[in-house]
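A closer look at the structure
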Amino acid sequence: MPGKWDWLKDEIGFSNLLTGGKMLLKVISGKLSVDDLTKCALCPNMCRHTCPVSIVDGRETTSPAGKARVAFMIREGRLELNLENLEPLYMCLSCNICTLYCPFEFSVADLTRPINEEAVKKGVVFEEFKKVFENLENYGDVYGAKSEEENGKGKVLYIRGCTIRNELPELSEKALSLLKKLGFEVFTINETCCGIPAYNLGNVELFKKLADENAKKINQSKAELVITSCPSCAYAYRVLYPKYGVKLKPKVVHITEILGDRLKGLKAEGEVTYHNPCKLALGLDQKELLKDILNKIEGLTVKEPRKEFFCCGYGGSAISRLNPELAEEIAQERRKQLKDGADKVITACPSCKLALNSDELEVLDIVEFAHQLLGE
Ligand code: SF4
Ligand code: SF4
């Protein structure tokens, strides 16, 4: 009768020596060296209580270690690289909340991404993703919008990102107005998508092409500073571009990072809670920033949300396209958590605002809130 862990023991070559539990103890104590994906596949899912997908979806295969096991089996040729087996791997928000509770600080998204990349290279791609790739290839915009005119030069470049350009253009107007009020001489350019949707879906070639195009435009603009109010764009520029050797000359900041003390002393009334965007809080390691900015505003009561970190449901580019019902259920769970804090929520990401705004919850981007405080 085969044992539960035989498939892993075989892979590691200790089939006669250890049970899975003993093996895990050896791995944790550093006595047995295995690669990171195998470690995660062996793990008794220590971070599942914090993974939004696991909490809402509840399936074993979409739990953090469940995904690692499927990825491991595909990598080792024990499961076929087909759409059915890839589906659980794409049930990930790339939120990296698992890193907070993982003894190895793993991001399951990073561990399983090589399998998605291999699938894209071999043409094993969901129909839902093909349209995204087409839009990015043909228009450099995830929504497939045509490019605009160039409109300016200066020292400080404001990058809007695809979501603000297409879904929340008024947020871009407010950000530009806010930055001018704060003394920045800002301009915009005819942007290309930062490439993160392609990266999230495993199309690294397309990501690199977009990153190169983007870097060329930004570097040619001669800006000294890039400010964006999209955390995914900021994360792509600051973390992913250097990882792939793409050089941006100007420094890049998310708009919250320049607000700092600038809202200190402004006055507001009432209660708010806040929703930390994953790419800002965890991707750029700014876990306290949004809360700190709000706490500096006089008269404002800032309530902590029931969970400090929980994705809005629309991160990672895949779930909202492959399983929109699940994305919405995760958003609904987050709305409930936030509503325990206050009816008004401040966030700092256009996708989070779109995901969470609802009849029962007023969600404002920090740009809109700051703009209101400084006088519309
Ligand atoms: S990155 Fe987020 S959704 Fe993916 S496994 Fe980790 S916690 Fe879950
Ligand atoms: S990410 Fe870490 S805690 Fe979560 S399942 Fe993998 S090894 Fe375990």
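Rules of the game
Residues numbered from 1 in each chain as written. Chains lettered and ligands numbered in written order. Predicted model: local features only at pLDDT ≥ 70, side-chain atom pairs only at ≥ 80, totals over all residues. Pairing = 2+ DSSP bridges. Helix = DSSP H or I, 4+ residues; strand = E, 2+ residues; numbered from the N terminus. Axes fitted to C-alpha atoms, helices over the stretch in contact; angles between N-to-C directions. Contact = placed C-beta atoms within 7 Å. Near = placed C-beta within 6 Å. pLDDT = per-residue confidence, 0-100.

Details of the sheet that holds strand 5 (residues 271-274)
- Pairing is parallel across the open sheet formed by 4 strands, whose spatial order is 6-5-7-8. Edge positions in the sheet fall to strand 6 (301-303) and strand 8 (362-365), since each has one partner strand and no second. Ignoring which end each strand starts from, the neighbouring axes of this sheet average 35° apart.
- With respect to the sheet, helix 21 (residues 366-373) is in contact with strand 7 (344-347) and strand 8, its orientation differing from that of strand 8 by roughly 80°.

Here we look at the site of ligand 1
- Taken together, 14 residues lie around ligand 1, and Cys 51, Cys 92, Cys 95, Cys 98 and Val 108 are the ones closest in.
- Put simply, the parts of the chain that give the shell around ligand 1 at least two residues each are helix 4 (52-57) and helix 8 (108-121).

Considerations on the confidence of the model for the protein chain
- A residue-level look at the protein chain finds 91% of positions with pLDDT of 70 or above and a mean pLDDT of 92.
- Residue range residues 11-18 is modelled with pLDDT below 50. Its contacts to residues more than four positions away, or to other chains, number 11 contacts.

Quick word on the sheet that holds strand 3 (residues 225-228)
- Taken in spatial order, the 4 strands line up as 2-1-3-4 in an open sheet, and their pairing is parallel. Edge positions in the sheet fall to strand 2 (186-187) and strand 4 (251-254), since each has one partner strand and no second.
- Examined bridge by bridge, strand 1 (residues 156-159) and strand 3 share 4 bridges and lie parallel to one another. Across the sheet, residue Tyr 158 finds its bridge partner in strand 3, namely Ile 227.
- Along the sheet, helix 14 (residues 231-243) makes contact with strand 1, strand 3 and strand 4, crossing strand 4 at roughly 150°.

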